[in-house]
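# Remarks on the overall topology
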Amino acid sequence: MTAPTLPALRPLTLGPHEVWPPVVLAPMAGITNVGFRRLCREQGGGIYVCEMITTRALVERNPKTLRMIAFGADEQPRSLQLYGTDPEITAAAVRIVVERNLADHIDLNFGCPVPKVTRRGGGSALPWRRRLFARLVRAAVEAASPAGVPVTVKMRKGIDDDHLTYVEAGLAAQDAGVAAVALHGRTAAQRYSGTADWDAIATLKQALDVPVLGNGDIWEADDALRMVAHTGVDGVVVGRGCLGRPWLFADLEAAFNGRTERRLPNLGEVAATMRRHAELLVDQFVAGARSPARGERDGCTDFRKHVAWYLKGFPVGSELRRSLAMIESLAQLDDLLGKLDSTVPFPVETLGQPRGRTNSPGKVALPDGWLASRDDDTPPDGAELDDSGG
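How each quantity is defined
Residues numbered from 1 in each chain as written. Predicted model: local features only at pLDDT ≥ 70, side-chain atom pairs only at ≥ 80, totals over all residues. Heavy atoms only, no water. Helix = DSSP H or I, 4+ residues; strand = E, 2+ residues; numbered from the N terminus. Rg over C-alpha atoms; globule rule 2.2 N^0.38 Å. Buried < 20%, exposed > 50% of the residue type's maximum accessible area, 1.4 Å probe, protein only. Areas by Shrake-Rupley, 256 points an atom, 1.4 Å probe, with all protein chains shown as cover. Lys, Arg positive; Asp, Glu negative; His and termini not counted. Charge placed at Lys NZ, Arg CZ, Asp CG, Glu CD. Phe/Tyr/Trp six-rings, centres within 6.5 Å; stacked < 30°, edge-to-face > 60°. Expected span 1.5 Å × (residues − 1). Contact = heavy atoms within 4.5 Å. UniProt positions renumbered as here; feature names shortened; annotations may be inferred. Pairing = 2+ DSSP bridges.

### Some details on the overall build of the protein chain
A count of helical and extended segments in the protein chain gives 15 helices and 11 strands. For the protein chain, the C-alpha radius of gyration of 21 Å lies close to 21 Å, the compact-globule estimate for 390 residues. Each principal axis of the C-alpha atoms in the protein chain carries an extent, and together these give about 60 × 55 × 40 Å. By the burial criterion, 55% of the 390 residues in the protein chain qualify as buried. For the protein chain, the exposed surface amounts to about 16,000 Å²; the carbon and sulfur share of it is 48%. Across the protein chain, the mean location of the 46 positive side-chain charges is 3 Å away from that of the 48 negative side-chain charges.

### What about the packing of aromatic side chains?
Tallied over the full model, the rule gives 6 aromatic pairs. Ring geometry for Trp20 versus Phe256: centroids 6.3 Å apart, planes at 75 degrees, classification edge-to-face. Pair noted here: Trp20 is in the loop between strand 2 (17-19) and strand 3 (23-25) and Phe256 is in helix 10 (residues 248-256), with a separation of 236 residues, a long-range link. According to the relative accessible area criterion, Trp20 is partly exposed, its value standing at 32%. The class of Phe256 is buried, set by a relative accessible area of 7%. Relative to Phe133, the ring of Phe110 lies with its centre 4.7 Å away and its plane at 65 degrees, an arrangement referred to as edge-to-face. Highlighted residues: Phe110 in strand 7 (residues 105-110) and Phe133 in helix 6 (residues 130-144), separated in sequence by 23 residues. Each of the two residues, Phe110 as well as Phe133, counts as buried. An aromatic cluster of at least three residues, connected via ring pairs, comprises Trp247, Phe314 and Phe346.

### Concerning helix 6
Spanning 15 residues, helix 6 covers 21 Å between terminal C-alpha atoms, matching the ideal 21 Å at 1.5 Å per step. Those residues of helix 6 that fall on the buried side of the exposure criterion are Leu132, Phe133, Leu136, Val137, Ala139, Ala140, Val141, Ala143 and Ala144. Each element contacted by the buried residues of helix 6 is listed here: helix 4 (87-99), strand 7, strand 8 (151-156) and helix 7 (166-176).

### Focus on the UniProt feature "binding site: FMN" (unreviewed entry) in the protein chain
Residues annotated by UniProt as "binding site: FMN" (unreviewed entry) correspond here to Pro27, Met28, Ala29, Gln81, Lys154, His184, Gly239 and Arg240. Mapped onto the elements of the fold, Pro27 is located in the loop between strand 3 and helix 1 (34-41). If near-sequence neighbours (up to four positions away) are discounted, Pro27 is found in contact with Thr32, Val49, Cys50, Glu51, Met52 and Gln81. Mapping Arg240 onto the fold places it in the loop between strand 11 (235-238) and helix 10. Under the relative-accessibility criterion, Arg240 is labelled buried at 11%. What Arg240 contacts, discounting residues up to four positions off in sequence, is Met28, Arg186, Tyr192, Asp217, Trp219, Arg355, Gly356, Arg357 and Thr358.

### Remarks on the sheet that holds strand 8
The pairing of strands in a sheet happens through backbone hydrogen bonds and is either parallel or antiparallel. One open sheet accounts for 9 strands, arranged 4-3-11-10-9-8-7-6-5; its pairing is parallel. Edge strands, defined here as strands with exactly one partner in the open sheet, are strand 4 (47-48) and strand 5 (53-54). Both strand 6 (residues 79-83) and strand 7 contribute to a ladder of 4 bridges, which runs parallel. When the sheet's bridge partners are listed, Ser79 is paired in strand 7 with His105.

Structure representation (structure tokens):
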């Protein structure tokens, strides 16, 4: 395949931060904790965003939420995504972030399509209420700007094809002073089905002066290059494509630096990455546990969800897969990984294939009367979530 012709690329600038390569790890609930982010950062450069934090939970000092705001000592910039629906609560949460020096960059979540969020008017439903959206973004920017902390927004095309909001919302966010806008090229109704609309991302790029980041269907590093060539975006956001493949960030760094090498690890190399991932999670959980044994068990439990992603396409028997997905200790993991045939080559037939969650499109759950008025700037009733992580 001929390499796409790229526009001249520069480091992604977010306030005082210059990021190269212009790659962002999307926040994913239950995934992008400090251990997983370190594993990805060991592969290549970029911005690695922690799990979503809800503004109400932060303002109320929810213990679980405060534990989730954790970064490695060498993690720069520290990137935090906030979810909120009330401008005043969002501003209060941002002030806590800047006053306590909790992060160097704040992203606002307007992309979540999950029914429990949209039926309350939050996430990807909120930009439809354009005055509320503008108020909320401006409140966050004004609270963050005295400390020089850049604010960005991440959103979808709209609620569905009949209720698109992305250009109008992008312009409103730009007017409010955001440092960049990221667009997932799907509507809320699409959820994670079908293909991402890169033409919409190109349209947004043409409409805005601030940097625009593209998100959706980046399964390989060459997909990122194709997106940049097709849309002209200033950077890319990677989510499901790195599940079970943290070395994707090594490929992305190589691609953006004009190099052609790509990682195709054999099963032995994948097993070593799995062991490193589990070790990092154990370190993370031990640090917050009452005992090392409890921390090791919790870290191994957290790792279990990643097993199927790592082994996708490899000829590994169902019994061994099942055992790996039930580990309780690193010693048990070592024993099971030792049973893998380390010489098995990477299953190239899985390249370019969707990973992680996939689902069918469906009607978006919305509050009663939500679509009737676009100019109601009243925060939706009960939309503030009291727990973080999605």
